[in-house]
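# Fold and contact review
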Amino acid sequence: MGQRKIDIFDSTLRDGAQGQGISFSLEDKLKIVRVLDDLEVTYIEAGNPGSNPKDMEFFKRLKGERLKNSKIVAFGSTRRPNTEVGEDKNIKNLLLAETSVVTIFGKSWDFQVKEILKTSLDENLNMIGDTIKYLVSKNKEVIFDAEHFFDGYKQNKEYAISTVKIAAEEGAKSVVLCDTNGGTLPDEIRNITKEVVNIIGVNVGIHCHDDMGMAVANSIVAAQVGANQIQGTFIGIGERCGNANLSTIIPTLKLKMGYRVIDDNNLSKLTTVARFIAEISNITLQDEAPYVGGSAFAHKGGMHIDAVCKAPKSYEHIKPELVGNKRRFLISEVSGKSTVYSEVQKIFPNISKDSEEVKKITNKLKELEYEGYQFEGAEGTVELVMRKIIGKYKPFFKLNYFKVFSEQPSWDKEFSSSVMINITVDGKEEMNAAIGDGPVNALDKALRKALDVFYPQLQDVRLVDYKVRVLDSESATGAKVRVLIESTDGVENWSTVGVSRDVIQASWIALVDSIEYKLIKDIERKARTYF
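- Under an unreviewed UniProt entry, the name given to the protein chain is Citramalate synthase, and the organism recorded is Clostridium paraputrificum.
- UniProt, in its Catalytic activity (unreviewed entry) section for the protein chain, records the words "pyruvate + acetyl-CoA + H2O = (3R)-citramalate + CoA + H(+)".

Quick look at the structure:
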């Protein structure tokens, strides 16, 4: 292992964009390029300039970007069968993108050549060789993606290897072995990649899909046997089941295997970058995601928490701050005073474990749990409870009243709700109104509009998750409900909870906590910057 350098090739903007529900605007793509460059990713695959006008426009916009670390890559296929490479429209578009690096994909599976391309095996080799030779003559660094390589190897080993050999002979700097269908096992990846590394005189890379949930493992074993370029997407987005997850692969290569990937300072940005890309992709990053998830370093059991307080490595395989994450102790029915004290210490380090405040906080949390609250996923509300008992809380606004109007329209229109709200901030009264998809959505919009007059930073905040749980179903429509919401300002995520027999009131409680938590954190952040 040692300090061998491994290049990270990010395909979030091309392969990741093929995932269901993913659609990046030009501005979205530019933002992602900037954070990946800041993270020190070696290659950023920006798209296929021949596939659509938006991708070509993106390459034009990229010419004005001054990147510090990353190389922008244009992606395209080999020339078409029986076509002069210089006349191929796809190749012309690749040159128009004016990138220094080009990725060319070609078929390595004889079945694909004969049944999908409908051409001969020899012509496919000519297509690969001609295209790479031509692009190298145009001073391009060429990466060859051997599509379906592992399937092809298992069916016709000699032909699959001949495709990467011709690519290397004609000047490709790297040949990348693609598990395009995501159906290859780790031991197969290991053995086949090792053989290719031993016979090819250029860099070998790996590109895995996650159809069996093994894309990360397959990428890691390929690195172990000599692959020195790992392709994937951030947070694993991509077609079907997704791609190899770079937010898992990068820290594993660096922290567990000792490879040179990115430096320590950049590694500490990993969680922020992963959550930023999830936000732009409009998907919720799984709490269970390794390294960067909200639960990656979360502890609930009393014995576990006690052990981690004494020696973090007892239940943590790395220090969370190495990847920019943080340790969390989950407050729940199994929590004791020690757990509560650990949370208090994060905010108020001068309070002792045996203080009256810790005792009151513990009792208050247990009282609220008895009423139906659940705090293990609502740290924002827990912090506000602590602040109120310790005396470090001041409300940011006063609700005078709100009115909810729900309307059942004609059969061809959707149900809608409107809310009128009146609040007071520092003696100044503000009234506003909003229409939403439902009463909670309308209430959220109306509250934010009213508060925006006083706290414009709330424009950055939005709800990313909203859950309702019925607590005593035997009470039917009179049952208590628990509302858990997750909010974000694009940098940090936090969760808050409310309980009531009225779903609107429960939602209101959680919404107010969410907003006040954000405002408190902004004040503290400014204070730290000032001092």
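## Some points on the overall build of the protein chain
- Counting its regular elements, the protein chain contains 18 helices and 16 strands.
- Projected onto its principal axes, the C-alpha coordinates of the protein chain cover approximately 80 × 60 × 55 Å.
- By the burial criterion, 52% of the 531 residues in the protein chain qualify as buried.
- A separation of at least 24 residues holds for 66% of the contacts in the protein chain among residues at least 6 apart in sequence.
- If you average the places of the 71 positive and of the 75 negative side-chain charges in the protein chain, the two averages end up 4 Å apart.

## Points about the UniProt feature "domain: Pyruvate carboxyltransferase" (unreviewed entry) in the protein chain
- Sequence positions flagged by UniProt for "domain: Pyruvate carboxyltransferase" (unreviewed entry) are, in local numbering, residues 6–268.
- Overall, residues 6–268 shows 44% helix and 17% strand. The separation of its end C-alpha atoms is 18 Å.

## Some words on helix 7 (residues 157–169)
- Its 13 residues give helix 7 an end-to-end C-alpha distance of 18 Å, which sits within 8% of 18 Å, the value for a rise of 1.5 Å per residue.
- Following helix 7 by one or two positions, G171 has its phi on the positive side, about 115°.

## Description of the side chain of N124
- Within the secondary structure layout, N124 lies in helix 5 (residues 121–137).
- Overall, the relative accessible area of 1% leaves N124 in the buried class.
- Residues within four places of N124 in sequence aside, it is in contact with K107, V113, L117, T119, Y159 and T163.

## Quick look at the nonpolar core
- Among the nonpolar cores identified, the biggest contains 86 residues, and F144, F149, I230, F234 and L253 are the most heavily contacted of them.
- Per-element tally for this core: the top contributor is helix 7, with seven residues.
- If we skip the residues at most four places from it in the chain, F234 touches D10, T12, L36, L39, N245, L246, S247, I250, L270, V273, A274 and I277.
- Counting 31 residues, the second-largest nonpolar core is a separate cluster that includes I423, L443, A446 and I485.

## Section: the packing of helix 5 against helix 7
- Closest axis-to-axis distance for the helix 5/helix 7 pair is 8 Å, and the angle between their directions is 25°. Classified by the angle between their axes, helix 5 and helix 7 sit roughly parallel to one another. Handedness of the helix 5/helix 7 crossing: right-handed. When helix 5 is examined against helix 7, the residues L121, N124, L125, I128, G129 and I132 are found in contact with a partner set consisting of Y159, S162, T163, I166 and A167.
- Considered class by class, the residues forming the contact of helix 5 with helix 7 number seven nonpolar, four polar and no charged.

## Details of a nonpolar patch on the surface
- On the surface, Y401, F405, M420 and M431 cluster together into a nonpolar patch covering about 350 Å² of accessible area.
- Position of Y401 among the secondary structure elements: in strand 11 (residues 398–407).

## Comments concerning the sheet that holds strand 12 (residues 416–425)
- The three strands are arranged 11-12-13 in an open sheet whose pairing can be described as antiparallel. Only two strands of the sheet have a single neighbouring strand rather than two, namely strand 11 and strand 13 (428–436). The sheet shows a mean angle of 10° between the axes of neighbouring strands, taken without regard to direction.
- The strands touched by helix 17 (residues 439–452) are strand 11, strand 12 and strand 13; relative to strand 13, the strand with the most contacts, the crossing angle is about 145°.

## Comments concerning the sheet that holds strand 14 (residues 462–470)
- The strand order across the open sheet built from three strands is 14-15-16, with neighbouring strands paired in antiparallel fashion. Unpaired on one side and paired on the other, strand 14 and strand 16 (493–500) mark the two borders of the sheet. The mean angle between the axes of side-by-side strands here comes to 15°, regardless of whether they run parallel or antiparallel.
- Pairing of strand 14 with strand 15 (residues 481–488) involves eight bridges; the strand directions are antiparallel. Paired with V468 across the bridge in strand 15 is V483.

## Looking at the pairing of strand 1 (residues 7–10)
- On strand 1, burial covers both faces: D7 and F9 on one face and I8 and D10 on the other are all buried.
- With four bridges connecting them, strand 1 and strand 8 (residues 229–232) associate as parallel partners. Paired with F9 across the two strands is Q231, which belongs to strand 8.
- By the bridge criterion, two bridges tie strand 1 to strand 2 (residues 43–47) in an arrangement that is parallel. Bridged to F9 within strand 2 is Y43.
- Following the backbone out of strand 1, through helix 1 (residues 26–39) and into the adjacent parallel strand 2, one traces a crossover that is right-handed.

## Notes on the pattern of salt bridges
- Within this structure, the stated rule accounts for 32 salt bridges.
- Across the pair K173 and E141 runs a salt bridge, and its minimum N-O distance is 3.8 Å. Taken together, the positions of K173 in the loop between helix 7 and strand 6 (174–179) and E141 in strand 5 (residues 141–147) put the pair 32 residues apart, joining distant regions of the chain.
- Between K521 and E524 there is a salt bridge, and its shortest N-O distance comes to 3.7 Å. With K521 and E524 both in helix 18 (residues 503–530) and three residues apart, the pair spans about one turn of that helix.
- K521 gets classed as buried once you look at its relative accessible area, which sits at 17%.
- When salt bridges that share partners are traced, they join E383, R387, K521 and E524 into one network.

Rules and cut-offs
- Residues numbered from 1 in each chain as written.
- Predicted model: local features only at pLDDT ≥ 70, side-chain atom pairs only at ≥ 80, totals over all residues.
- Heavy atoms only, no water.
- UniProt positions renumbered as here; feature names shortened; annotations may be inferred.
- Helix = DSSP H or I, 4+ residues; strand = E, 2+ residues; numbered from the N terminus.
- Buried < 20%, exposed > 50% of the residue type's maximum accessible area, 1.4 Å probe, protein only.
- Contact = heavy atoms within 4.5 Å.
- Lys, Arg positive; Asp, Glu negative; His and termini not counted.
- Charge placed at Lys NZ, Arg CZ, Asp CG, Glu CD.
- Expected span 1.5 Å × (residues − 1).
- Core = buried A, V, L, I, M, F, W, Y, C linked by side-chain atoms within 4.5 Å.
- Axes fitted to C-alpha atoms, helices over the stretch in contact; angles between N-to-C directions.
- Parallel < 35°, antiparallel > 145°, perpendicular 65-115°, else oblique.
- Left-handed = near helix turned anticlockwise from the far one by under 90°.
- Nonpolar A, V, L, I, M, F, W, Y, C, P; charged D, E, K, R; others polar.
- Patch = residues over 30% accessible without salt bridge, like charges linked within 9 Å, V, L, I, M, F, W, Y side chains within 5 Å.
- Areas by Shrake-Rupley, 256 points an atom, 1.4 Å probe, with all protein chains shown as cover.
- Salt bridge = Lys/Arg side-chain N within 4 Å of Asp/Glu carboxyl O.
- Pairing = 2+ DSSP bridges.
- Right-handed = clockwise from strand over helix to strand, strands pointing away.

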